[in-house]
Amino acid sequence: MNRERTHVVLGRELRTLWGKPTIRDTLCRLEFEISPHAFYQVNRTQAEALYNKAAEYAGLTGAETLLDLYCGTGTIGLSMASRAKKLIGSEIIPSAVENARKNAAHNHVTNAEFLCGDAKDAARILYERGERPDVIVIDPPRKGCDAAVITTIAAMRPMRVVYVSCDPATLARDLKQFTAEDYNIEAVTPVDMFPCTAHVETVCQLVLRKPAVHINIDVDVEELVQDKRGTATYGQIKDYVLEHSGLKVSSLYIAQVKQKYGIIERENYNKTKSENVKQPQCPPEKEKAITEALKHFGMI
(Lines give C-alpha, C1' and ligand atoms only; values in the text may rest on other atoms or scores of the structure.)
Protein backbone atom coordinates (compact mmCIF):
# COMPACT_ATOMS: atom_id res chain seq x y z
CA MET A 1 0.00 0.00 0.00
CA ASN A 2 1.59 3.24 -1.14
CA ARG A 3 -0.17 6.60 -0.92
CA GLU A 4 3.05 8.66 -0.97
CA ARG A 5 3.94 10.89 -3.92
CA THR A 6 7.54 9.70 -4.27
CA HIS A 7 9.65 7.65 -6.70
CA VAL A 8 9.36 4.61 -4.41
CA VAL A 9 7.19 1.91 -5.95
CA LEU A 10 6.35 -0.20 -2.91
CA GLY A 11 4.83 1.21 0.26
CA ARG A 12 5.74 0.26 3.82
CA GLU A 13 2.49 -1.58 4.48
CA LEU A 14 2.12 -5.05 2.92
CA ARG A 15 -1.03 -7.17 2.93
CA THR A 16 -1.20 -10.68 1.54
CA LEU A 17 -4.48 -11.21 -0.30
CA TRP A 18 -3.93 -14.86 -1.24
CA GLY A 19 -1.19 -17.44 -0.89
CA LYS A 20 2.15 -17.02 0.86
CA PRO A 21 3.77 -13.64 1.65
CA THR A 22 7.00 -14.69 -0.10
CA ILE A 23 8.05 -16.41 -3.32
CA ARG A 24 10.85 -18.93 -3.92
CA ASP A 25 13.36 -19.12 -6.75
CA THR A 26 16.45 -21.19 -7.54
CA LEU A 27 19.69 -19.36 -8.30
CA CYS A 28 23.24 -20.78 -8.51
CA ARG A 29 21.91 -24.16 -7.34
CA LEU A 30 20.45 -22.58 -4.19
CA GLU A 31 16.81 -21.96 -3.34
CA PHE A 32 15.87 -18.49 -2.09
CA GLU A 33 12.86 -17.11 -0.29
CA ILE A 34 12.12 -13.55 -1.37
CA SER A 35 9.87 -10.99 0.33
CA PRO A 36 8.35 -8.06 -1.59
CA HIS A 37 10.76 -5.49 -0.09
CA ALA A 38 13.89 -7.60 -0.67
CA PHE A 39 16.06 -6.94 -3.71
CA TYR A 40 16.34 -9.75 -6.26
CA GLN A 41 17.63 -9.86 -9.83
CA VAL A 42 14.72 -10.40 -12.22
CA ASN A 43 16.86 -11.88 -15.02
CA ARG A 44 17.83 -15.13 -13.30
CA THR A 45 19.91 -16.56 -16.15
CA GLN A 46 22.13 -13.50 -16.43
CA ALA A 47 22.15 -13.13 -12.64
CA GLU A 48 23.97 -16.46 -12.47
CA ALA A 49 26.53 -15.19 -14.99
CA LEU A 50 26.88 -12.02 -12.92
CA TYR A 51 27.37 -13.88 -9.63
CA ASN A 52 29.80 -16.38 -11.18
CA LYS A 53 31.96 -13.49 -12.38
CA ALA A 54 31.75 -11.88 -8.93
CA ALA A 55 32.87 -15.19 -7.37
CA GLU A 56 35.79 -15.34 -9.80
CA TYR A 57 36.86 -11.82 -8.82
CA ALA A 58 36.52 -12.66 -5.10
CA GLY A 59 39.25 -15.27 -5.53
CA LEU A 60 38.18 -17.34 -2.52
CA THR A 61 40.26 -20.33 -1.46
CA GLY A 62 38.34 -21.49 1.62
CA ALA A 63 40.48 -19.58 4.12
CA GLU A 64 38.87 -16.13 3.82
CA THR A 65 36.25 -14.23 5.77
CA LEU A 66 33.79 -12.80 3.24
CA LEU A 67 31.69 -9.73 4.02
CA ASP A 68 28.62 -9.19 1.83
CA LEU A 69 27.37 -5.61 2.18
CA TYR A 70 23.92 -4.68 0.83
CA CYS A 71 23.34 -8.45 0.97
CA GLY A 72 19.55 -8.36 0.48
CA THR A 73 18.24 -11.92 0.79
CA GLY A 74 21.83 -13.20 0.78
CA THR A 75 21.99 -14.31 -2.84
CA ILE A 76 25.54 -13.20 -3.70
CA GLY A 77 27.11 -14.16 -0.38
CA LEU A 78 25.39 -17.53 -0.10
CA SER A 79 26.40 -18.40 -3.68
CA MET A 80 30.05 -18.00 -2.53
CA ALA A 81 29.73 -19.37 1.01
CA SER A 82 31.01 -22.85 0.12
CA ARG A 83 34.30 -21.27 -1.06
CA ALA A 84 34.84 -19.13 2.06
CA LYS A 85 35.80 -19.89 5.63
CA LYS A 86 33.05 -17.59 6.91
CA LEU A 87 30.33 -15.43 5.39
CA ILE A 88 28.98 -12.31 7.08
CA GLY A 89 26.10 -10.46 5.42
CA SER A 90 24.89 -6.97 6.28
CA GLU A 91 21.59 -5.41 5.24
CA ILE A 92 19.47 -2.54 6.59
CA ILE A 93 16.04 -3.99 5.62
CA PRO A 94 14.90 -6.29 8.47
CA SER A 95 12.65 -8.49 6.30
CA ALA A 96 15.51 -9.11 3.86
CA VAL A 97 17.82 -10.09 6.73
CA GLU A 98 15.20 -12.56 7.93
CA ASN A 99 14.96 -13.97 4.40
CA ALA A 100 18.75 -14.32 4.27
CA ARG A 101 18.85 -16.23 7.54
CA LYS A 102 16.09 -18.55 6.39
CA ASN A 103 17.81 -19.02 3.04
CA ALA A 104 21.04 -20.03 4.75
CA ALA A 105 19.23 -22.57 6.93
CA HIS A 106 17.14 -23.88 4.04
CA ASN A 107 20.27 -24.45 1.92
CA HIS A 108 22.22 -25.98 4.84
CA VAL A 109 24.82 -23.21 4.84
CA THR A 110 26.36 -23.33 8.31
CA ASN A 111 29.22 -20.82 7.99
CA ALA A 112 27.04 -17.74 7.44
CA GLU A 113 25.55 -15.07 9.67
CA PHE A 114 23.53 -12.00 8.77
CA LEU A 115 23.48 -8.65 10.55
CA CYS A 116 20.80 -5.99 10.34
CA GLY A 117 22.65 -2.73 9.84
CA ASP A 118 24.74 -0.68 7.45
CA ALA A 119 28.44 -0.89 6.63
CA LYS A 120 29.43 1.09 9.70
CA ASP A 121 27.49 -1.28 11.94
CA ALA A 122 29.18 -4.29 10.34
CA ALA A 123 32.62 -2.68 10.69
CA ARG A 124 32.02 -1.89 14.36
CA ILE A 125 30.84 -5.43 15.17
CA LEU A 126 33.79 -7.01 13.36
CA TYR A 127 36.21 -4.64 15.10
CA GLU A 128 34.77 -5.51 18.52
CA ARG A 129 35.23 -9.20 17.73
CA GLY A 130 38.76 -8.71 16.48
CA GLU A 131 37.80 -9.90 12.99
CA ARG A 132 38.78 -8.42 9.63
CA PRO A 133 37.21 -9.39 6.28
CA ASP A 134 39.61 -10.62 3.63
CA VAL A 135 37.14 -9.97 0.80
CA ILE A 136 34.16 -7.60 0.66
CA VAL A 137 31.37 -7.83 -1.91
CA ILE A 138 29.13 -4.80 -2.40
CA ASP A 139 25.99 -4.57 -4.51
CA PRO A 140 24.58 -1.11 -3.74
CA PRO A 141 21.42 0.44 -5.21
CA ARG A 142 21.55 2.62 -8.32
CA LYS A 143 22.72 5.65 -6.34
CA GLY A 144 25.95 3.79 -5.50
CA CYS A 145 27.84 3.91 -2.21
CA ASP A 146 27.93 6.82 0.18
CA ALA A 147 31.41 8.24 0.57
CA ALA A 148 31.35 7.26 4.26
CA VAL A 149 30.67 3.63 3.32
CA ILE A 150 33.71 3.52 1.02
CA THR A 151 35.85 5.08 3.73
CA THR A 152 34.61 2.42 6.18
CA ILE A 153 35.37 -0.38 3.70
CA ALA A 154 38.87 0.95 3.08
CA ALA A 155 39.49 1.23 6.83
CA MET A 156 38.83 -2.53 7.16
CA ARG A 157 41.66 -3.10 4.61
CA PRO A 158 40.27 -6.15 2.77
CA MET A 159 42.66 -7.57 0.20
CA ARG A 160 39.94 -7.51 -2.47
CA VAL A 161 36.67 -5.66 -3.02
CA VAL A 162 34.15 -6.91 -5.59
CA TYR A 163 31.80 -4.12 -6.66
CA VAL A 164 28.57 -5.13 -8.42
CA SER A 165 26.99 -2.02 -9.93
CA CYS A 166 23.76 -1.30 -11.77
CA ASP A 167 24.79 2.22 -12.85
CA PRO A 168 28.12 2.85 -14.65
CA ALA A 169 28.00 6.56 -13.74
CA THR A 170 27.88 6.04 -9.96
CA LEU A 171 30.36 3.16 -10.32
CA ALA A 172 32.87 5.51 -11.98
CA ARG A 173 32.36 8.06 -9.20
CA ASP A 174 32.88 5.45 -6.46
CA LEU A 175 35.91 3.89 -8.14
CA LYS A 176 37.60 7.27 -8.07
CA GLN A 177 37.31 7.29 -4.27
CA PHE A 178 38.42 3.66 -3.99
CA THR A 179 41.59 4.41 -5.96
CA ALA A 180 42.26 7.32 -3.58
CA GLU A 181 41.88 4.84 -0.71
CA ASP A 182 44.78 2.63 -1.93
CA TYR A 183 42.85 0.23 -4.18
CA ASN A 184 43.73 -0.62 -7.77
CA ILE A 185 41.11 -1.45 -10.41
CA GLU A 186 42.24 -4.87 -11.62
CA ALA A 187 39.32 -6.03 -13.80
CA VAL A 188 35.91 -4.84 -15.04
CA THR A 189 33.22 -6.93 -16.76
CA PRO A 190 29.85 -5.59 -17.98
CA VAL A 191 26.89 -7.98 -17.92
CA ASP A 192 23.84 -7.40 -20.12
CA MET A 193 21.05 -7.94 -17.61
CA PHE A 194 18.40 -6.03 -19.59
CA PRO A 195 18.63 -6.83 -23.32
CA CYS A 196 17.50 -4.16 -25.79
CA THR A 197 17.88 -1.40 -23.19
CA ALA A 198 20.66 1.02 -22.28
CA HIS A 199 21.02 -0.52 -18.80
CA VAL A 200 23.97 -2.70 -17.89
CA GLU A 201 25.30 -4.34 -14.71
CA THR A 202 29.05 -4.20 -14.08
CA VAL A 203 31.32 -6.33 -11.93
CA CYS A 204 34.59 -4.71 -10.84
CA GLN A 205 37.54 -6.21 -8.98
CA LEU A 206 39.51 -3.89 -6.69
CA VAL A 207 42.77 -5.04 -5.09
CA LEU A 208 44.55 -3.41 -2.16
CA ARG A 209 47.86 -1.94 -3.20
CA LYS A 210 50.81 -3.90 -1.88
CA PRO A 211 52.94 -2.16 0.76
CA ALA A 212 56.38 -0.98 -0.27
CA VAL A 213 59.02 -3.70 -0.21
CA HIS A 214 62.15 -2.79 1.77
CA ILE A 215 65.50 -4.18 0.59
CA ASN A 216 68.52 -4.23 2.89
CA ILE A 217 71.74 -3.05 1.22
CA ASP A 218 75.25 -2.25 2.46
CA VAL A 219 76.10 1.45 2.27
CA ASP A 220 79.46 3.21 2.71
CA VAL A 221 78.39 5.80 5.29
CA GLU A 222 81.18 8.24 4.40
CA GLU A 223 80.16 8.18 0.76
CA LEU A 224 76.51 8.57 1.69
CA VAL A 225 77.22 11.66 3.80
CA GLN A 226 79.42 13.16 1.10
CA ASP A 227 76.78 12.51 -1.55
CA LYS A 228 74.27 14.41 0.55
CA ARG A 229 76.51 17.34 1.53
CA GLY A 230 78.75 17.70 -1.48
CA THR A 231 82.02 16.03 -2.36
CA ALA A 232 85.69 16.93 -2.64
CA THR A 233 88.83 14.79 -2.62
CA TYR A 234 91.62 15.35 -0.16
CA GLY A 235 93.74 16.68 -3.02
CA GLN A 236 91.07 19.24 -3.95
CA ILE A 237 90.81 20.41 -0.35
CA LYS A 238 94.63 20.74 -0.05
CA ASP A 239 94.81 22.74 -3.28
CA TYR A 240 92.00 25.08 -2.17
CA VAL A 241 93.63 25.72 1.21
CA LEU A 242 97.03 26.38 -0.38
CA GLU A 243 95.55 28.72 -3.00
CA HIS A 244 93.45 30.80 -0.60
CA SER A 245 95.56 30.79 2.56
CA GLY A 246 99.04 29.77 1.49
CA LEU A 247 99.02 26.93 4.01
CA LYS A 248 99.90 23.33 3.39
CA VAL A 249 97.68 20.80 5.24
CA SER A 250 97.94 17.05 5.62
CA SER A 251 95.25 14.43 5.08
CA LEU A 252 95.30 13.79 8.84
CA TYR A 253 94.39 17.41 9.58
CA ILE A 254 91.60 17.35 7.00
CA ALA A 255 90.24 14.13 8.52
CA GLN A 256 90.28 15.66 12.01
CA VAL A 257 88.31 18.72 10.87
CA LYS A 258 85.82 16.61 8.90
CA GLN A 259 85.25 14.43 11.97
CA LYS A 260 84.62 17.52 14.07
CA TYR A 261 81.75 18.50 11.73
CA GLY A 262 80.23 15.03 11.78
CA ILE A 263 81.59 13.86 8.45
CA ILE A 264 82.44 10.24 9.26
CA GLU A 265 85.90 9.09 8.29
CA ARG A 266 87.34 5.65 7.88
CA GLU A 267 88.95 4.47 11.07
CA ASN A 268 92.58 4.41 9.83
CA TYR A 269 92.62 8.14 9.00
CA ASN A 270 92.70 9.18 12.66
CA LYS A 271 94.85 6.43 14.14
CA THR A 272 98.61 6.12 14.18
CA LYS A 273 100.32 2.83 13.49
CA SER A 274 101.83 2.70 16.99
CA GLU A 275 99.87 3.21 20.20
CA ASN A 276 102.89 4.91 21.79
CA VAL A 277 103.16 7.63 19.17
CA LYS A 278 101.27 10.83 20.02
CA GLN A 279 98.97 11.96 17.22
CA PRO A 280 99.52 15.60 16.11
CA GLN A 281 96.49 17.86 16.26
CA CYS A 282 95.49 20.34 13.60
CA PRO A 283 96.60 23.90 14.45
CA PRO A 284 93.80 26.53 14.74
CA GLU A 285 94.85 28.52 11.63
CA LYS A 286 94.90 25.37 9.49
CA GLU A 287 91.59 24.20 10.98
CA LYS A 288 90.05 27.53 9.97
CA ALA A 289 91.42 27.21 6.42
CA ILE A 290 90.19 23.61 6.07
CA THR A 291 86.76 24.67 7.40
CA GLU A 292 86.54 27.35 4.71
CA ALA A 293 87.40 24.74 2.09
CA LEU A 294 84.70 22.36 3.36
CA LYS A 295 82.16 25.20 3.17
CA HIS A 296 83.30 26.03 -0.36
CA PHE A 297 82.71 22.45 -1.51
CA GLY A 298 79.31 22.28 0.21
CA MET A 299 80.37 19.61 2.67
CA ILE A 300 79.23 21.60 5.73
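So, here is what we can say about the structure in this document. (Residues numbered from 1 in each chain as written. Predicted model: local features only at pLDDT ≥ 70, side-chain atom pairs only at ≥ 80, totals over all residues. Heavy atoms only, no water.)

### Focus: the packing of helix α8 (residues 234-245) against helix α10 (residues 284-296)
Each pair of packed helices can be summarised by the angle the axes make with each other and by the distance between the axes. Inclusion rule: Note on geometry: axes are lines fitted to C-alpha atoms, helical ones only across the stretch in contact, with angles between N-to-C directions running from 0 to 180 degrees. For the purposes of this entry, the term helix denotes a DSSP run of H or I that reaches at least four residues, the term strand denotes a run of E that reaches at least two, and both are numbered from the N terminus. Should the near helix be turned anticlockwise from the far one by less than a right angle, the crossing is left-handed, and should it be turned clockwise, the crossing is right-handed. Between two residues, a contact is recorded if the distance between any of their heavy atoms is within 4.5 Å. Here the term charged refers only to Asp, Glu, Lys and Arg, the term nonpolar to Ala, Val, Leu, Ile, Met, Phe, Trp, Tyr, Cys and Pro, and the term polar to all other amino acids, Gly among them.
Close contact between α8 and α10 brings their axes to 9 Å; oriented N to C, the two are set at 115 degrees. At the point where α8 passes α10, the crossing takes the right-handed sense. Every residue of α10 that contacts α8 at Ile237, Tyr240, Val241 and Ser245 is listed here: Ala289, Ile290, Glu292, Ala293, Leu294 and His296. Residues of the contact of α8 with α10, tallied by class, amount to 7 nonpolar, 2 polar and 1 charged.

### So, the packing of aromatic side chains
The condition that has to hold: Only Phe, Tyr and Trp rings take part, Trp by its six-membered ring, and two of them pair if their centres are within 6.5 Å. Stacked means planes under 30 degrees apart, edge-to-face means over 60, and tilted covers everything else. Exposed residues in this analysis have more than 50% of their type's maximum accessible area, buried residues have under 20%, and partly exposed residues fall in between, with area computed by a 1.4 Å probe over protein chains only.
Tallied over the full model, the rule gives 3 aromatic pairs. Here Tyr163 and Phe178 contribute two aromatic rings whose centre-to-centre distance is 6.4 Å and whose plane-to-plane angle is 80 degrees, an arrangement assigned as edge-to-face. In this pair, Tyr163 is assigned in strand β7 (residues 160-165) and Phe178 in helix α6 (residues 168-180), connecting sequence segments 15 residues apart. For the pair Tyr163 and Phe178, one class covers both residues: buried. Their ring planes at 65 degrees and their centres at 5.9 Å tell us that Tyr240 and Phe297 sit as a pair that is edge-to-face. Taken together, the residues Tyr240 in helix α8 and Phe297 in the segment after α10 connect sequence positions 57 residues apart. Assessed through its relative accessible area of 17%, Tyr240 is described here as buried. Counting every residue linked through ring pairs, the aromatic cluster contains Tyr163, Phe178 and Tyr183.

### Quick look at the pattern of salt bridges
Which entries qualify depends on this criterion: Between Lys or Arg on one side and Asp or Glu on the other, a salt bridge is scored when a side-chain nitrogen of the former is within 4 Å of a carboxyl oxygen of the latter.
Per the counting criterion, the structure on display carries 13 salt bridges. Among the salt bridges present, the one from Lys86 reaches Glu131, with a minimum N-O distance of 3.1 Å. Of this pair, Lys86 sits in strand β4 (residues 86-91) while Glu131 sits in the loop between α4 (119-129) and β6 (135-138), and the two are 45 residues apart along the sequence. Owing to a relative accessible area of 24%, Lys86 belongs among the partly exposed residues under this scheme. With a shortest N-O distance of 3.5 Å, Arg124 and Glu128 are connected by a salt bridge. Taken together, the residues Arg124 and Glu128, both in helix α4 and 4 residues apart, mark about one turn of the helix. Because the salt bridges share partners, they merge into one network encompassing Lys86, Glu113, Arg129 and Glu131.

### With respect to the packing of helix α9 (residues 251-260) against α10
The condition is simple: Relative orientations are named as follows: roughly parallel for angles under 35 degrees, roughly antiparallel for angles over 145 degrees, roughly perpendicular for angles from 65 to 115 degrees, and oblique for any other angle.
The interhelical angle for the contact between α9 and α10, taken along N-to-C directions, is 65 degrees, at an axis separation of 10 Å. Compared by their axis directions, α9 and α10 come out roughly perpendicular. The handedness of the crossing between α9 and α10 is right-handed. The residues of α10 that touch α9, namely those facing Tyr253, Ile254, Val257, Lys258 and Lys260, are Lys286, Glu287, Ile290, Thr291 and Leu294. Grouping the amino acids of the contact of α9 with α10 by side-chain chemistry returns 5 nonpolar, 1 polar and 4 charged.

### Re helix α3 (residues 94-106)
What sets the pattern is the α-helix's 3.6 residues per turn: residues three or four places apart point alike. Basically, it comes down to this: The span you would expect from a helix comes to 1.5 Å times its residue count less one. To be clear, the arc concerns the directions from the helix axis to the C-beta atoms.
In this model, α3 (13 residues) spans 18 Å end to end at C-alpha, consistent with the 18 Å of a helix rising 1.5 Å per residue. Considered for burial, the residues of α3 that qualify are Ala96, Val97, Asn99, Ala100, Asn103 and Ala104. In a view along the axis of α3, the buried residues occupy a sector of 155 degrees, so they form one face of it. Relative to its buried face, α3 has exposed residues pointing more than 90 degrees away, namely Pro94 and Ala105. Against β2 (30-34), α2 (75-80), β4 and β5 (112-116) lie the buried residues of α3. His108 lies just past α3 and shows a positive phi near 60 degrees.

### Description of the sheet that holds strand β9 (residues 201-208)
Inclusion rule: Here, strands pair whenever DSSP counts at least two bridges between them.
Reading across from one edge, β5-β4-β3-β6-β7-β9-β8 is the order of the 7 strands in this open sheet, with mixed pairing throughout. Each having just a single partner strand, β5 and β8 (183-191) make up the two edges of the open sheet. Direction aside, neighbouring strands of the sheet carry axes that sit 15 degrees apart on average. Lying over the sheet, helix α5 (residues 147-156) contacts β3 (65-69), β6, β7 and β8, oriented at roughly 165 degrees with respect to β6. Seen against the sheet, α6 touches β6, β7, β8 and β9 and runs at an angle of roughly 160 degrees to β7.

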